[in-house]
Amino acid sequence: MENCIEASDLGFAYSTQLILANVNFALKKSESLAILGQSGCGKSTLLRLIHQLLTPDDGSIHINGQSSILFQDDRLLPWKTCMDNVRLALARRSLTGSAQTEQITCLFKKLQIPEVSNQYPHTLSGGMRQRVALARALINQPDLLLLDEPFAAVDHFTRQALIVELHQLRQTNPVSMVLVTHNIDEALFLSDRILILGNTPTSVQYSVEIPGLPTDWQNFYQSKKVASIKVDILSILDTLQQ
Ligand SMILES: Nc1ncnc2c1ncn2[C@@H]1O[C@H](COP(=O)(O)OP(=O)(O)OP(=O)(O)O)[C@@H](O)[C@H]1O
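Procedures and definitions
Residues numbered from 1 in each chain as written. Predicted model: local features only at pLDDT ≥ 70, side-chain atom pairs only at ≥ 80, totals over all residues. Heavy atoms only, no water. UniProt positions renumbered as here; feature names shortened; annotations may be inferred. Salt bridge = Lys/Arg side-chain N within 4 Å of Asp/Glu carboxyl O. Helix = DSSP H or I, 4+ residues; strand = E, 2+ residues; numbered from the N terminus. Buried < 20%, exposed > 50% of the residue type's maximum accessible area, 1.4 Å probe, protein only. Expected span 1.5 Å × (residues − 1). Polar contact = N/O pair within 3.5 Å; in protein donor to acceptor, adjacent residues only side chain to side chain. Near = heavy atom within 4 Å. Nonpolar A, V, L, I, M, F, W, Y, C, P; charged D, E, K, R; others polar. Axes fitted to C-alpha atoms, helices over the stretch in contact; angles between N-to-C directions. Parallel < 35°, antiparallel > 145°, perpendicular 65-115°, else oblique. Left-handed = near helix turned anticlockwise from the far one by under 90°. Contact = heavy atoms within 4.5 Å.

- In the nomenclature of an unreviewed UniProt entry, the chain is known as ATP-binding cassette domain-containing protein of Endozoicomonas gorgoniicola.
- Annotation of the chain in UniProt includes, under Sequence similarities (unreviewed entry), the sentence "Belongs to the ABC transporter superfamily."

Quick look at the structure:
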């Protein structure tokens, strides 16, 4: 399979509540896809189906490779240090303790995580905890990184810094990515394509290609092209709400 994800006529219901119906899309290797849609339309459900936390009721979804997921809350274990939280993700690999420490320390540096290895999560800021959670998601070098509103719980400036850092990380390590978000700027800056989901039962209503946007945050914010695509997306979301 050439693609990283192939979803065909995907359908899913929570008991009798039909959430997804006839969802079709594919994700190419190294491509980054953002998913937008109204609250409650089924974006997180789709992400959980991709990560195989849920099983489809209809159709199929195939994943080529290993996926890793980052949620809005960091889900770090409070009784373990930051280093040991990430170490847990390496448990199935036959690495010595010192090799694990070396890999984690190297990734912490890449993600601009300062000397917090021996600290417990509650002693860190929300943004730093989320960085450690991102390290845990990336430590096994997944083929596919799934992000469920990963920066929604941090302040504006931390969010901006995390978005830029994730973008830079993808320049050196072009992992395939699916990002669920309500933030159109974040979707445009971090993805190659945006899927807009309709109301429940949800299917893909629009697929918007977004090539050629500025790749540095300052120019991105001031770009007329970005502003124009945002207006288009807002108008689509408005139409779907009616
Ligand atoms: N475990 C569950 N059991 C039953 N219903 C659920 C469950 N999880 C989600 N739902 C319902 O499924 C629908 C879709 O939820 P989902 O979280 O996928 O939407 P979403 O688009 O990600 O929402 P938001 O943007 O608000 O996070 C909602 O009506 C929600 O209440």
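### A closer look at the pattern of salt bridges
- All told, the structure shown has 9 salt bridges when counted by the stated rule.
- Measuring nitrogen to oxygen at the nearest pair gives 3.0 Å for the salt bridge that ties R129 to D74. Separated by 55 residues along the polypeptide, R129 in helix α4 (residues 126-138) and D74 in the loop between β5 (67-70) and α2 (82-88) bring together distant segments of the chain.
- The exposure class assigned to D74 is buried, which follows from its relative accessible area of 16%.
- A salt bridge links D185 to K230; the shortest N-O distance between them is 2.9 Å. In this pair, D185 is assigned in helix α6 (residues 184-190) and K230 in helix α8 (residues 224-241), connecting sequence segments 45 residues apart.
- Note on D185: relative accessible area 13%, which makes it buried.
- Residue classification places K230 among the partly exposed positions, given a relative accessible area of 26%.

### Details of helix α5 (residues 156-172)
- Between the first and last C-alpha of α5 there are 25 Å, a value that for 17 residues agrees with the 24 Å anticipated at 1.5 Å per step.
- All of the buried residues in α5 are T158, R159, L162, I163, E165, L166, H167, L169 and R170.
- Capping the start of α5 is the job of one residue whose side-chain oxygen sits 3.0 Å from the backbone nitrogen of F157: D155.

### Quick notes on the UniProt feature "domain: ABC transporter" (unreviewed entry) in the chain
- The residues that UniProt annotates with the feature "domain: ABC transporter" (unreviewed entry) are residues 5-222.
- Spanning residues 5-222, this segment combines 33% helix with 27% strand, and its end C-alpha atoms are found 33 Å apart.

### Comments concerning the site of the ligand
- Near the ligand you find 13 residues, and of these S39, G40, K43, T45 and H182 are the closest.
- Here an oxygen atom of the ligand sits 3.4 Å away from a polar atom, N or O, in the side chain of Q17.
- Within the side chain of H182, an N or O atom sits 2.8 Å from an oxygen atom of the ligand.
- Elements with a contribution of two residues or more to the shell around the ligand: β2 (17-28) and α1 (43-50).
- Taken together, the residues of the shell around the ligand break down into 3 nonpolar, 8 polar and 2 charged.

### Some thoughts on the packing of α4 against α5
- Two elements in contact, α4 and α5, have axes whose closest approach is 11 Å; the angle formed by their N-to-C orientations is 20°. As far as their axial angle goes, α5 and α4 are roughly parallel. As for the relative orientation of α4 and α5, their crossing is right-handed in sense. Contact residues: G127, R131, L134 and L138 in α4; T158, A161, L162, E165, L166 and L169 in α5.

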